[in-house]
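What the coordinates show
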Amino acid sequence: MAFLSGYPMSAMFFSNLLHRRVREYPKTDEDTTVILCAHNEEESIAGTIQALLCQNYGGRICILAVDNAFTDGTKARIQAMARLAPQNRPVRYLYCGQPGKANALNLGLSRVRTRHFLTVDADTWLEKNAVQRIMNHITAARRGCVAGNLFVQKKAPCRQAEGFCGFEKNAYSAVYSRAMRAATRALL
C-alpha cells in the first residue's frame with residue numbers, strides 16, 4: 001500500500017524537476033566578502049581558497065579566513081594562499097582564540113566591509129560560477145538571504161595564472177545582506 005502512494009509523489013517530484021525553469025537574473029559585479037571558518041582544516045583549506053580564487057565573478061571577492069583555535073598548520077596554509085591571491089581576491093587571515101563556530105562567524109562578521117557576504121565551510125569547494133549566481137540572485141531579487149544547493153560533482157579544473165583548481169567537493173554557500181547581520185548575530 002505504501003508503494004502505491006509513493007509512486008504518485010515520486011512522479012510529481014520528477015515532473016517538477018524536469019519542467020523547472022531556472023530563473024536568470026541580471027549580472028552584477030558588486031563587491032562581496034566570503035567568510036571561511038576553519039578549525040584544524042590544514043588538509044582542505046588550500047583547495048577551498050583556490051576554488052574561491054577561481055570564481056568567474058566580475059567583482060572583488062574579499063576572503064576572510066577565520067582560524068578557530070587551530071592546533072595544526074591551517075594558518076600556514078592560509079598565509080601561503082594569501083601570497084598567491086590576485087588583487088581582486090585578497091585573502092585575510094583572522095585568528096579567533098575562542099572555540100566554537102559561532103565565535104568565528106561573529107569575528108568574521110565584524111570585519112565585513114561590503115554590502116553582501118557569503119559563508120562557506122573550510123572543507124567546501126564552490127563551483128566556479130557559484131558566487132556570480134548567488135550575487136545575481138540576491139542583488140536583483142533584493143533578498144535578505146539566499147542559500148545554495150548541496151551537490152557532489154566532478155568538474156574539470158579551471159586554469160588560473162596561479163595554477164589549477166579542481167572541483168570534487170560540496171558546493172554550498174549562504175549569502176546574507178547587511179540587514180540580516182543583526183538577526184544572524186542574535187541567532188548565533
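Okay, so let's go over this structure. (Residues numbered from 1 in each chain as written. Predicted model: local features only at pLDDT ≥ 70, side-chain atom pairs only at ≥ 80, totals over all residues. Heavy atoms only, no water.)

For the protein, the helix and strand inventory stands at six helices and eight strands. Along its sequence from the N terminus, the protein presents helices and strands in the succession α-β-α-β-α-β-α-β-α-β-β-β-β-α. A fraction of 80% describes how many contacts in the protein between residues 6 or more apart in sequence connect residues 24 or more apart. Total accessible area computed for the protein in this model is approximately 10800 Å², and 53% of it derives from carbon and sulfur atoms. (Helix = DSSP H or I, 4+ residues; strand = E, 2+ residues; numbered from the N terminus. Contact = heavy atoms within 4.5 Å. Areas by Shrake-Rupley, 256 points an atom, 1.4 Å probe, with all protein chains shown as cover.)

Counting residues in hydrophobic clusters, the biggest one holds 25 residues, and the most contacted among them are L36, I45, I49, L53, V91 and V131. Where this core is concerned, the elements lending two or more residues are β1 (32–38), α2 (45–53), β2 (61–68), α3 (74–84), β4 (116–121) and α5 (130–140). Beyond its immediate sequence surroundings of up to four residues, L36 is in contact with I45, T48, I49, L64, A65, V66, V120, D121 and A122. Listed in part, the 13 residues of the second largest apolar core include I35, C37, V66 and L109. (Core = buried A, V, L, I, M, F, W, Y, C linked by side-chain atoms within 4.5 Å. Buried < 20%, exposed > 50% of the residue type's maximum accessible area, 1.4 Å probe, protein only.)

The next point concerns the pairing of β4. With five of its six residues buried, β4 lies for the most part within the structure. Direction of pairing for β1 relative to β4: parallel, over a ladder of six bridges. Residue T33 lies in a different strand from β4, and its bridge partner there is F117. (Pairing = 2+ DSSP bridges.)

Note on placement: T48 falls in helix α2. If near-sequence neighbours (up to four positions away) are discounted, T48 is found in contact with L36, V120, D121, A122, D123, T124 and W125.

Moving on, we get to a positive patch on the surface. Taken together, the side chains of R60, R92, R111 and R113 present a region of like positive charge at the surface. You can see R111 is positioned in the loop between α4 (101–110) and β4. (Patch = residues over 30% accessible without salt bridge, like charges linked within 9 Å, V, L, I, M, F, W, Y side chains within 5 Å. Salt bridge = Lys/Arg side-chain N within 4 Å of Asp/Glu carboxyl O. Lys, Arg positive; Asp, Glu negative; His and termini not counted. Charge placed at Lys NZ, Arg CZ, Asp CG, Glu CD.)

On to the environment of N56. For N56, the location among the structural elements is in the loop between α2 and β2. Each C-alpha atom, one on N56 and one on V131, is 7.7 Å from the other, the two residues being 75 residues apart in sequence.

Here we take up α2. The element α2 is largely enclosed, with a buried count of nine among its nine residues. Of the residues making up α2, those classed as buried are I45, A46, G47, T48, I49, Q50, A51, L52 and L53.

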